[in-house]
Amino acid sequence: MKRITLLYCFFTILFLASAQAQVASGKLSPHTKTFLLKMNQKDISTTQRKAILTKSAVIETGVQEYISAFIYLKENAETESLEQQGVKINSHTGDIVTAMIPISSIENVAALPEVKYVQIGTPVNKKMDRARVTSGVDKVQAGTLPLSAPFFGKGVVIGIIDTGFEYGHPNFYNKEHTEYRVKRVWEQNAQTGTPPTGFNYGKEYISQDSILKKAYDLTNESHGTHVSGIAAGADHSNDNIYYGVAGEADIVLVSYIGYDTDVIDGIKYIYDYASSVGKPCIINISMGSYSGPHDGTSLFDTTTDQMQGKGRLIVGAAGNEGNKYIHISKTFSQTDTICKTFLKSNNIAADIWGEAGKDYKVQVCVYDTINNNNVYISPEYKASDNVDITTRLKNNTTVKNGASGYLYITSEINALNKKPHFAINTTLSSVVAGNCIGIIIKSTEGTVHAWSDESYHFTSNDKPGWTDGDNNFSIGEVGGTGKNIISVGAYVSKNMFTNLNNETYGISQYLNTLATFSSTGPTLDGRMKPDITAPGSVLASSLSSYDTTLNTYRVKQTTLDNKTYYYGIMGGTSMSTPYVTGVLATWLQANPNLTPDEVKSIFQKTAINDSYTGDILPNGNSTWGYGKIDAYNGLLEVIKQYTSIEDMPILPQSIFMYSGNNQQFNFLFTQEDTNVKINVFNVNGQQVLAKNFNEIACKQEETIDLNGLPKGLYIIKITGNKLNQVFKASTK
């Protein structure tokens with residue numbers, strides 16, 4: 001009897017453990033399950049295990065290994081049970097937390113009743129003189145025609161999440177090099193030191209001395225220095241022309257680890273600092289990923305949508321895959337039930353998404369392109385089966401799979417959007433010559449979209465019945481798909497440069513056109529993306545002097561305080577993104593309460609449409625967004641939005657002038673006045689036109705029409721009981 005009881009208890013425990021594992025598996029993202037499959041391989045070596053950890057969002061603290069992850073909680077759930085599992089919470093936005101989960105506790109955490117979903121951090125990759133002229137930034141900065149005073153983002157915090165920072169570069173001081181503008185640094189990769197308050201990893205640098213003493217985060221990397229210089233560079237020393245847009249803004253730098261969870265933590269850290277000093281804030285993320293639903297429902301997009309609002313903006317890169325065939329799609333029917341494609345690389349990463357309520361099946365094969373047959377083909381797996389499969393492929397004297405290594409197939413019905421989702425990954429040590437890895441998708445209804453990693457392409461290999469990839473829906477996750485994020489594409493403002501060795505290089509791009517690499521939308525839910533385009537091919541900005549990999553691209557060196565610093569060339573939506581970040585910082589200077597929706601409305605009203613963009617409809621398009629950014633007219637539109645004098649911030653001038661056409665000049669008044677006179681004089685001092693007003697209201701606009709007068713330069717003087725400003729106007 002005792003033996004029966006013991007056996008009953010044993011099988012009961014075994015059943016409960018199995019049931020808990022099934023519950024946990026149903027709440028793990030496919031990429032999380034893939035990570036666990038790799039870690040649980042029986043024949044994994046110490047070296048292989050280390051390699052898996054290195055490529056994952058793993059943080060080591062002492063003897064414990066944690067993985068950075070999103071945890072999606074039930075509404076109003078408490079977090080005590082997470083902490084009892086050893087989870088360290090970093091940020092908490094709505095029902096989503098970013099946290100460090102002990103690797104050994106991932107399934108236990110997922111099995112908790114208050115947890116709806118666990119997703120480990122997804123890798124995100126960087127999306128890397130005349131530009132100021134093409135978009136009106138020179139006018140905003142000059143304070144002459146058409147503005148009478150400059151805007152440089154004063155009173156605004158610009159946050160940059162990136163790597164490759166040289167903290168002491170002259171671009172990060174003010175124009176006169178008398179004030180250092182980097183206020184905080186968080187190096188998330190640091191293994192020792194004190195993390196920021198509320199976070200559990202990395203090291204924070206607070207004082208100017210400690211930041212400058214640290215000097216840099218990485219050697220042989222300049223991306224962050226270049227990006228920061230575009231957005232907020234101010235170095236005018238030694239006749240430097242490669243300064244950035246918002247040269248009076250405060251700067252906060254986050255050297256991130258490389259995953260979307262770290263980016264979320266960086267955003268919270270920067271916003272927390274801006275709140276502590278009572279300033280508006282804009283954050284630049286020149287990075288992206290192709291893993292995700294591309295419809296704004298990812299945990300990253302959901303979290304950042306909630307974090308943004310009045311005076312809280314995020315600008316992201318649309319992506320550099322506009323000319324890469326990383327996407328396929330297929331609409332299935334009862335008579336058209338199959339889609340087959342190959343990956344150009346043998347070690348593949350593919351993310352496949354269907355429609356909510358419409359299931360589909362997936363197979364993976366090793367295909368002999370010479371003899372046109374499958375050497376190996378997996379079973380069919382349904383997305384709704386919550387698959388987590390590891391298959392070891394062998395190719396030896398006894399087993400002929402045509403490849404050697406591991407195949408991982410995982411699936412889910414996604415907790416946020418209810419869409420069926422597969423993740424396909426391989427780690428192959430060899431593939432027989434002439435063989436390719438193929439993916440086969442089957443269904444009788446619905447549309448399925450798939451994206452490959454940006455390093456790989458889908459291809460038919462010219463085989464009948466197989467599908468080539470395309471560059472549709474190439475807009476990237478992280479920087480491109482959120483509902484509130486400002487997503488930026490790139491156009492060509494410069495296509496050649498001469499380096500310090502007096503070598504001239506040309507870029508295979510045509511001036512003023514959309515850069516061929518600039519990713520396009522729309523999002524999968526039909527929203528226009530990108531929102532705007534800006535100069536991104538190519539731009540000169542600050543480089544790290546600790547980086548020797550870009551010597552060929554250096555175009556200027558400058559010596560300051562007995563140290564040599566460099567400026568150089570980079571291109572990509574990584575560069576157009578900080579350009580927009582800097583412009584929006586100048587707009588936040590004028591209106592510290594700007595919201596993402598208001599910014600997009602300003603784009604719609606003021607973006608440049610020219611012969612290169614073509615006529616863009618009022619709702620924009622998914623190539624150019626609303627067009628090319630116009631920093632100057634956008635700034636005027638920001639000022640026009642105020643509804644009362646009480647709402648109006650303290651501005652550097654009371655009247656703004658802008659051209660209506662070659663003969664008309666418009667004036668926007670930002671304060672009320674009485675007995676106002678507008679007098680126009682030619683260059684000989686003769687009055688040629690006069691207009692008088694008993695009173696002028698705040699936000700009133702008036703037009704001076706010089707049509708019929710000889711073409712040339714005119715002086716326009718505006719006076720009143722309080723006003724006294726002079727403008728120059730040139731007719732053509």
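The following paragraphs examine the structure supplied in this document. (Residues numbered from 1 in each chain as written. Predicted model: local features only at pLDDT ≥ 70, side-chain atom pairs only at ≥ 80, totals over all residues. Heavy atoms only, no water.)

1. Some remarks on the overall build of the protein
1) Next: Each helix and strand in the protein was counted, giving 14 helices and 39 strands.
2) Next: A compact globule built from 732 residues would reach a C-alpha radius of gyration of about 27 Å, and the protein, at 29 Å, matches this within 12%.
3) Next: Seen through its C-alpha atoms, the protein measures out along the principal axes to roughly 115 × 55 × 50 Å.
4) Next: Counting over 732 residues, the protein shows a buried share of 58%.
5) Next: Carbon and sulfur atoms provide 48% of the accessible area of the protein, an area that totals close to 29,500 Å².
6) Next: For the protein, the separation between the mean place of its 62 positive charges and that of its 68 negative charges on side chains is 3 Å. (Helix = DSSP H or I, 4+ residues; strand = E, 2+ residues; numbered from the N terminus. Rg over C-alpha atoms; globule rule 2.2 N^0.38 Å. Buried < 20%, exposed > 50% of the residue type's maximum accessible area, 1.4 Å probe, protein only. Areas by Shrake-Rupley, 256 points an atom, 1.4 Å probe, with all protein chains shown as cover. Lys, Arg positive; Asp, Glu negative; His and termini not counted. Charge placed at Lys NZ, Arg CZ, Asp CG, Glu CD.)

2. Observations concerning the state of the cysteines
1) Next: Within the structure shown, the criterion is met by zero disulfides.
2) Next: C339 takes part in no disulfide bond, and the closest cysteine sulfur to it belongs to C365, at a distance of 12 Å.
3) Next: Considering cysteine sulfurs only, C436 is the nearest to C365, which forms no disulfide, with 9.4 Å between them. (Disulfide = S-S within 2.5 Å.)

3. Observations regarding the pairing of strand β24 (residues 447–452)
1) Next: Of all six residues in β24, six are buried; the element is thus mostly enclosed.
2) Next: Covered by surrounding structure in β24 are T447, H449 and W451 together with V448, A450 and S452, the residues of both alternating faces.
3) Next: Across five bridges, strand β14 (residues 327–331) lies against β24 in antiparallel orientation. The residue of β24 that forms the bridge with H327 is W451. (Pairing = 2+ DSSP bridges.)

4. Here we look at the packing of aromatic side chains
1) Next: The full count for this structure, using the stated rule, is 17 aromatic pairs.
2) Next: Here the aromatic cluster, defined as three or more aromatic residues joined through ring pairs, consists of W186, F199, Y201 and Y269. (Phe/Tyr/Trp six-rings, centres within 6.5 Å; stacked < 30°, edge-to-face > 60°.)

5. Quick look at the pairing of strand β20 (residues 388–395)
1) Next: Bridge count for β20 against strand β21 (residues 400–413) is seven bridges, and the pairing is antiparallel. Looking across to β21, one finds that T391 is bridged to L407.
2) Next: Hairpin remark: β20 followed by β21, antiparallel, with four residues in the connecting loop.

6. Thoughts on the sheet that holds strand β29 (residues 532–537)
1) Next: What the eight strands build is an open sheet, ordered β9-β8-β10-β7-β11-β13-β26-β29; its pairing is mixed. The open sheet has two edge strands with one neighbour each: β9 (203–205) and β29. Averaged over all neighbouring strand pairs, the angle between strand axes comes to 25°, with direction disregarded.
2) Next: Relative to strand β13 (residues 312–317), strand β11 (residues 281–285) is paired through five bridges, and the arrangement is parallel. Along β13, the bridge assignment pairs I285 with G316.
3) Next: Running over the sheet, helix α10 (residues 260–277) touches β7 (157–162), β8 (182–187), β9, β10 (250–255), β11 and β13 and is turned about 160° from β7.
4) Next: Across the sheet, helix α13 (residues 596–606) touches β13, β26 (486–492) and β29, and the angle it forms with β26 is around 30°. (Axes fitted to C-alpha atoms, helices over the stretch in contact; angles between N-to-C directions. Contact = heavy atoms within 4.5 Å.)

7. Here we look at the pattern of salt bridges
1) Next: Throughout the structure, instances matching the rule amount to 16 salt bridges.
2) Next: Note that K330 and D336 form a salt bridge whose closest N and O atoms lie 2.8 Å from each other.
3) Next: Relative accessible area serves as the criterion here: at 32%, D336 is assigned to the partly exposed category.
4) Next: In this structure, D610 engages K628 in a salt bridge whose closest nitrogen and oxygen atoms are separated by 2.8 Å. Here D610, found in the loop between α13 and α14 (631–640), pairs with K628, found in the loop between α13 and α14; they are 18 residues apart in sequence, far enough to count as distant.
5) Next: Judged by relative accessible area, D610 falls into the partly exposed class, the value being 24%.
6) Next: Within the structure, one salt-bridge network assembled from shared partners comprises K361, E380 and K442. (Salt bridge = Lys/Arg side-chain N within 4 Å of Asp/Glu carboxyl O.)

8. Things to note about the environment of E176
1) Next: Within the secondary structure, E176 is located in the loop between β7 and β8.
2) Next: It is 38 Å that separates the C-alpha atoms of E176 and I704, two residues lying 528 residues apart in sequence.

9. Regarding the sheet that holds strand β16 (residues 349–353)
1) Next: Ordered by their spatial adjacency, six strands build an open sheet running β14-β24-β16-β22-β21-β20, and the pairing between neighbours is antiparallel. Whereas interior strands pair on both sides, the edge strands pair on one side only; in this sheet they are β14 and β20. Neighbouring strand axes in the sheet, compared pairwise and without regard to direction, differ in orientation by 15° on average.
2) Next: Two strands pair when backbone bridges link them, and β21 and strand β22 (residues 420–431) are joined in this way by 11 bridges, in the antiparallel orientation. The residue of β22 that forms the bridge with Y408 is N425.
3) Next: The sheet strands contacting helix α2 (residues 30–39) are β16, β20, β21 and β22, and the helix crosses β21 at an angle near 135°.

10. A short note on the nonpolar core
As a rule of thumb, nonpolar side chains are buried together in soluble globular proteins.
1) Next: One finds I158, I282, V580, L584, W587 and F603 to be the most contacted residues of the largest nonpolar core, which totals 59 residues.
2) Next: Counting residues per element, this core draws most heavily on helix α12 (residues 573–590), at nine residues.
3) Next: When residues no more than four places from it in sequence are discounted, the contact partners of L584 are I282, L313, V315, I486, V599 and F603.
4) Next: In this structure, V157, V254, I264 and I485 belong to the second largest nonpolar core, which totals 35 residues. (Core = buried A, V, L, I, M, F, W, Y, C linked by side-chain atoms within 4.5 Å.)

11. Remarks on the packing of α2 against helix α3 (residues 46–54)
1) Next: Following both chains from N to C, one finds α2 and α3 inclined at 165°, their axes separated by 10 Å at the closest point. Here α2 lies roughly antiparallel to α3, going by the angle between them. Where α2 crosses over α3, the two elements pack in a sense that is left-handed. Of α3, the residues touching α2 (which contributes F35, K38 and M39) are R49, I52 and L53.
2) Next: The class makeup of the residues in the contact of α2 with α3 is four nonpolar, no polar and two charged. (Parallel < 35°, antiparallel > 145°, perpendicular 65-115°, else oblique. Left-handed = near helix turned anticlockwise from the far one by under 90°. Nonpolar A, V, L, I, M, F, W, Y, C, P; charged D, E, K, R; others polar.)

12. A short note on unusual backbone geometry
1) Next: Following G521, the chain continues into P522 via a peptide bond in cis, with omega recorded as 5°.
2) Next: Structurally, the position occupied by P522 is in the loop between β28 (504–506) and β29.
3) Next: The step from K529 to P530 runs through a cis peptide bond, and the omega angle for that step is 0°.
4) Next: Of note, P530 is situated in the loop between β28 and β29.
5) Next: Phi is positive for N502, which is not a glycine, with a value near 65°.
6) Next: Given a relative accessible area of 65%, N502 falls into the exposed group.
7) Next: The backbone of D561 shows a phi angle near 55°, a positive value even though the residue is not glycine.

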